[in-house]
Amino acid sequence: MGPGDLPSPLRITAHVLFNRVEGGLNRRLGLALARWPTSEAGQFVMLSPGPLGPVWRSDPLLPRPMAVYRERRAGAGAELEILYKLHGRGTQLIASARVGDALALVGPLGRGFALAPPGAPAILVGGGTGIASLYALARELAARGPVQVLFGARSADDLMGVSDFEGLPVELACATEDGSRGARGLATALLEQRLARATPGDASPWVYACGPTPMMRRCAALCAERGVRCAVSLEQPMACGFGVCLGCAAPLAGGGVALVCRDGPVFDAARVDWEGLR
Amino acid sequence: MSGAGAADADAVDSRVRLAGVELRNPVLTASGTFGYGTEFAPFLDLTRLGGFVAKSLTLLPRQGNPPPRIAEAPSGMLNAISLENVGVDVFLREKLPALPPAVVVIASAFETEIARYAEVCKRLAGEPRIAAIEINASCPHVEAGGIEFGQDPRVLAELVRAVRAATPGPLLIKLTPNVTSIAEMARVCEGEGADGISLINALQAMEVDVETRRPVLSNRLGGLSGPAIRPIALRMVWQAAQAVKLPICGIGGITSAEDAVKFLLCGASAVQVGTQNYLDPTRAQAIAEGIAAYAARHGFARVADLTGALEDPPGKPR
């Protein structure tokens, strides 16, 4: 998809519809936007680190990149859902926002996922907060072909949005490191089983992964061994989200770097220099 | 002059002159924080800014540092991008023509050797779309053992002399704050024929991750920018304004029209908005409009009259 096909981002004040505990440190934020172009699955927004108050606060300074989890049209605007995890001061302050509070938002940003062709099987691998980048994709893909969703997290409490995915026509499997939900172990083990199960002649699946770097690195390797197409959604520290701070560089396999915000966040896993990525 | 009544901001004359360039208002955007301009077209009207300083250009395209390149700091951020850019020729051929004709463009030049700085200036000098050249003097000078060009008055003098000879057009020197006496560096620029100075660039800084016991940035050191550096920047602009008659462009942690006015009062003729462009890509235009509102509110008919209009503290005349 060329840059001309993506909607222009806008900077807008968003109002909190809900901001609730989702289990453990996970939170679900609902935002009302008066204007909004339709975003594509895998795009993200930059969210002010905390609600806007009568006095502007400069600490923490930088907005936080957040995947658009779900989007519902509402007239010229939309309601956005964002799943996030309390991680540091920025997310703690975002969690303090109450219904009606305002947050500054810039988006939609980046390039989303290329959809598998109709009928092609898809496997989505989500680890921890990476799951939040995959719901819109799962919903779109489920309308086109068979979808397997493989989730991994440290424990059941760290899994995000599982009940939403259970409401989709997808096959869902979980793995937790402490065995508190699903198989004990990693989501990548589930992927390895699924890929090994395929027999010659089966349509090659499209694999999509978002999660910790070691998880995506393993997904990329498993897919590369079998010649399976794999798309990953990367995360790097970023200040702007629209290609000017140049902070979010990710090293490429052929040398050089790409900007996660502008050239990604979704990349073909074969393009990424997995050893150089930290 | 305060309390003179709410005049109409539209009636205020916002035009200022900086280094011989007429600007429709005093708000520019800082090099490295505004890309090549077009990235901001979705967010603001580029023709409503005083102008913008494009990303620093080197003779050849240049790749930046490996990640991590940025880190957050209290009311600020560190960056160590290492001036990744498309190179001067691609800028002239592809980036510059993409900008609306009414946009005032200041090019920024940066290199590792003085002769190369001069060559970048020569290539920029003939281009009518470029209103001025700003020299980024914060680059480490390899021959001088890695010290920034702008940190040694003799090296800085040599640099300004060389770029002055390379371009007849308006020439701004962007000074590093990593010096003992900013006044001395300002005098060097004045003595060597610069048309103005821009200050400050980012402050050299460092951040550490205690879990990994490593520097956060791959480059170890980075430049601190954002509101955290604003009082230092104001101090340096004030000191430079006391030392030279050169027009000054004030830079450092500007987030609002009031912040910008502080720089004007300390002696700047114009300002540059930097890090704030990342947080709020619409802000530079709002700051430009806010300065006119401030002038109206305080009874200044011309924004240019705010320059150097700082009052003495009570009981402490200069």
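Note that this is a predicted model, so its numbers are computed, not measured.

S.K.: What am I meant to see in the overall build of chain B here?
M.R.: Along chain B, the regular secondary structure elements total eight helices and 16 strands. Considering only C-alpha atoms, chain B reaches an extent of 55 × 50 × 40 Å along its principal axes. Taking all 318 residues of chain B together, the buried fraction comes to 57%. Taking contacts inside chain B between residues at least 6 apart in sequence as the whole, the part at least 24 apart equals 69%. Of the roughly 12600 Å² of accessible surface on chain B, a fraction of 52% belongs to carbon and sulfur atoms. Chain B carries 30 positive and 33 negative side-chain charges, and their two centres are separated by 2 Å.

S.K.: Looking at this structure, I do not really get the sheet that holds strand S7 (residues 102-109) of chain A. What am I missing?
M.R.: As a general point, the strands of a sheet are linked pairwise by backbone hydrogen bonds and lie either parallel or antiparallel. Residue and element names in this part refer to chain A. The antiparallel open sheet is built from seven strands, whose spatial order is S4-S3-S7-S1-S2-S6-S5. The two strands at the open ends of the sheet, each matched to only one other strand, are strand S4 (64-67) and strand S5 (70-74). Pairs of neighbouring strands in the sheet enclose a mean axial angle of 35 degrees, with direction left out of account. Bridge count between strand S2 (residues 26-33) and strand S6 (residues 77-85): eight bridges; the pairing is antiparallel. By the bridge assignment, Leu-29 is partnered in S6 with Ile-82.

S.K.: What's the story with the sheet that holds strand S13 (residues 229-233) of chain A in this structure? I'm lost.
M.R.: All names here are of chain A. Taken in spatial order, the seven strands line up as S11-S10-S9-S8-S12-S13-S16 in an open sheet, and their pairing is mixed. Every other strand in the sheet has two partners, leaving strand S11 (183-184) and strand S16 (266-268) as the edge strands with one partner each. Set on the sheet, helix H4 (residues 187-197) makes contact with strand S8 (122-127), strand S9 (147-153), strand S10 (171-176), S11 and strand S12 (206-210); between it and S9 the angle comes to about 150 degrees. Helix H5 (residues 213-226) contacts S8, S12 and S13 of the sheet and is inclined by roughly 165 degrees relative to S12.

S.K.: Is there a simple way to explain the pattern of salt bridges in this structure?
M.R.: Two side chains of opposite charge can pair, provided their charged atoms sit close to one another. If you walk through the whole model with that rule in mind, you get 32 salt bridges over all chains. A salt bridge links Arg11(A) to Asp280(B); its shortest N-O distance comes to 3.0 Å. Taken together, the positions of Arg11(A) in strand S1 (residues 10-23) and Asp280(B) in the loop between helix H7 (276-279) and helix H8 (283-297) put the pair across two chains. For Arg11(A), a relative accessible area of 24% corresponds to the partly exposed category. The residue Glu192(B) makes a salt bridge to Arg161(B) at a minimum N-O spacing of 3.1 Å. One end of the pair, Glu192(B), is in the loop between helix H4 (182-191) and strand S10 (196-199); the other, Arg161(B), is in helix H3 (residues 153-166), and 31 residues separate them in sequence. On the accessibility criterion, Arg161(B) (46% relative accessible area) is partly exposed. Salt bridges sharing partners connect three or more residues here, namely Glu22(A), Arg28(A), Arg70(A), Arg72(A), Glu79(A), Glu81(A) and Asp164(A).

S.K.: Quick question: what am I supposed to make of the state of the cysteines here?
M.R.: Joining two cysteines, a disulfide is a covalent bond between their sulfur atoms. Counting across every chain of the model gives zero disulfides over all chains. Unpaired in terms of disulfides, Cys240(A) finds its nearest cysteine sulfur in Cys245(A), a separation of 4.0 Å.

S.K.: What exactly am I supposed to notice about the interface of chain B and chain A here?
M.R.: In many analyses, interface size is given as the accessible surface area lost on bringing the parts together. Across the contact, 34 residues belong to chain B and 28 residues belong to chain A. Taken together, the two surfaces of chain B and chain A that pack against each other cover about 2500 Å², and 66% of this comes from carbon and sulfur. Between the two partners, chain B and chain A, sit two salt bridges. For Glu72(B), the salt bridge goes to Arg64(A), with nearest N and O atoms at 2.8 Å.

S.K.: Looking at this model, I keep getting lost on the pairing of S9(A). Mind explaining?
M.R.: A regular strand places its side chains on the two faces of the sheet in alternate fashion. All names here are of chain A. Among the seven residues in S9, seven count as buried, and that is most of the element. Going residue by residue along S9, you find Val-147, Val-149, Phe-151 and Ala-153 tucked away on one face and Gln-148, Leu-150 and Gly-152 tucked away on the opposite face as well. Pairing of S8 with S9 involves six bridges; the strand directions are parallel. Counted as the bridge partner of Leu-124 is Val-149 from S9.

What counts as what
- Residues numbered from 1 in each chain as written.
- Chains lettered and ligands numbered in written order.
- Predicted model: local features only at pLDDT ≥ 70, side-chain atom pairs only at ≥ 80, totals over all residues.
- Heavy atoms only, no water.
- Helix = DSSP H or I, 4+ residues; strand = E, 2+ residues; numbered from the N terminus.
- Buried < 20%, exposed > 50% of the residue type's maximum accessible area, 1.4 Å probe, protein only.
- Contact = heavy atoms within 4.5 Å.
- Areas by Shrake-Rupley, 256 points an atom, 1.4 Å probe, with all protein chains shown as cover.
- Lys, Arg positive; Asp, Glu negative; His and termini not counted.
- Charge placed at Lys NZ, Arg CZ, Asp CG, Glu CD.
- Pairing = 2+ DSSP bridges.
- Axes fitted to C-alpha atoms, helices over the stretch in contact; angles between N-to-C directions.
- Salt bridge = Lys/Arg side-chain N within 4 Å of Asp/Glu carboxyl O.
- Disulfide = S-S within 2.5 Å.
- Buried area = accessible area lost by both parts, 1.4 Å probe.

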